[in-house]
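A closer look at the structure
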Amino acid sequence: MKVILKDGRRYTLRFDRGEELRGSLANFCNENQMKAGYFSGFGAVSEVTLMHYDLDTKKYLEKTFTEKMEIANLTGNVSWFEGKSYIHPHGIFSDTEMRAWAGHVKKMIIAATCELFLIQLDGEISREHSEEIGLNLMR
């Protein structure tokens, strides 16, 4: 990952071919002690694992795609959980037939590039686990 532009607490980031975005972004946010923020981006992936949360079973259903796809939209937030930055991304990805696949992003490997715009907020958005819902909710 490369920082293309830093303007105060706003970052323009570039992720390169073969890079795993979620882990790289988490490392960057941890290095910068980022406890609150949001991001958006676009680009292309060679592999992506999407998840859908089933509230009844309190489990994620996963599907991995190993074809090159466009990142039509990538959005998410940064919060603080268990002493480190917590990355919560969702995305929409399109295949060569222009079909869209969407969900919570567990893993994504960049195919060519991903351009991401990250805004760091003042303060802290923390999370706590909800037994009732089964997720780590903002508090």
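All residue numbers refer to position in the chain's written sequence, counted from 1. Local features in this predicted model are restricted to residues whose pLDDT is 70 or higher, and side-chain atom pairs enter the listing and the counts only when it is 80 or higher, whereas totals over whole chains, interfaces and linings include all residues. Computation of side-chain values: all heavy atoms of the structure, hydrogens and water removed.

1. Points about the overall build of the protein
Worth spelling out the cut-off: Helix numbering and strand numbering both begin at the N terminus, where a helix is a DSSP run of H or I of at least 4 residues and a strand a DSSP run of E of at least 2. Here the radius of gyration uses the C-alpha set of atoms, whereas the globule reference equals 2.2 Å times the residue count to the power 0.38.
Each helix and strand in the protein was counted, giving one helix and nine strands. Scanning the protein from its N terminus toward the C terminus, one meets helices and strands in the order β-β-α-β-β-β-β-β-β-β. Against the compact-globule benchmark of 14 Å for 139 residues, the protein has a radius of gyration of 15 Å, which places it among compact chains. Its C-alpha atoms put the protein at 45 × 40 × 20 Å along the principal axes.

2. A few points about the side chain of His-104
For the record, the criterion: In the analysis that follows, any N or O atom pair within 3.5 Å is treated as a polar contact, provided that within protein one partner can donate a hydrogen and the other can accept it, and provided that, for residues neighboring in sequence, both atoms belong to side chains. Any two residues whose heavy atoms approach within 4.5 Å are treated as being in contact.
Turning to its location among the elements, His-104 is positioned in strand E7 (residues 100–120). Looking at His-104, its side chain comes within polar contact range of the side chain of His-88, at 3.4 Å. In contact with His-104, other than residues within four places in its own chain, are Arg-22, Thr-49, Leu-50, Met-51, Tyr-60, His-88, Pro-89 and His-90.

3. A look at the pairing of strand E6 (residues 84–94)
Formally: Strand pairing is assigned whenever DSSP identifies at least 2 bridges connecting the two strands.
In this sheet, E6 lies alongside strand E5 (residues 69–81) in antiparallel orientation, the contact comprising eleven bridges. In the sheet register, Thr-75 faces E6, and the bridge partner there is His-90. Count of turn residues in the E5/E6 antiparallel hairpin: two residues, of which Glu-82 carries a positive phi of about 50 degrees. Examined bridge by bridge, E6 and E7 share five bridges and lie antiparallel to one another. The residue of E7 that forms the bridge with Gly-91 is Gly-103. Between the end of E6 and the start of E7, which pair antiparallel, lie five residues, with Met-98 showing a positive phi angle near 65 degrees.

4. Quick word on the state of the cysteines
In plain terms, the rule: Throughout, a disulfide means two cysteine sulfur atoms within 2.5 Å of one another. Working definition: with a 1.4 Å probe on protein chains only, accessible area under 20% of the residue-type maximum means buried, over 50% means exposed, and in between means partly exposed.
Within the structure shown, the criterion is met by zero disulfides. Here Cys-29 stays free of any disulfide, with the sulfur of Cys-114 as its closest cysteine sulfur at 13 Å. Here Cys-29 falls in the buried class, since its relative accessible area comes to 0%. On the basis of relative accessible area, Cys-114 is assigned to the buried category, the value being 0%.

5. Considerations on the pairing of strand E3 (residues 37–54)
The sheet contact formed by E3 and E5 spans eight bridges and is antiparallel. If you follow Ala-44 over to E5, its bridge partner there is Glu-70. Inspection of the sheet shows E3 paired to E7 by 13 bridges, in the antiparallel sense. Residue pairing for E7: Val-45 is matched across the bridge by Ile-110. Judged from the seven bridges that link them, E3 and strand E4 (residues 59–65) form a sheet pairing that is antiparallel. Note that in E4 the partner of Met-51 across the bridge is Glu-62. In this antiparallel pair of consecutive strands, E3 and E4, the connection spans four residues, and Lys-58 shows a positive phi of 60 degrees.

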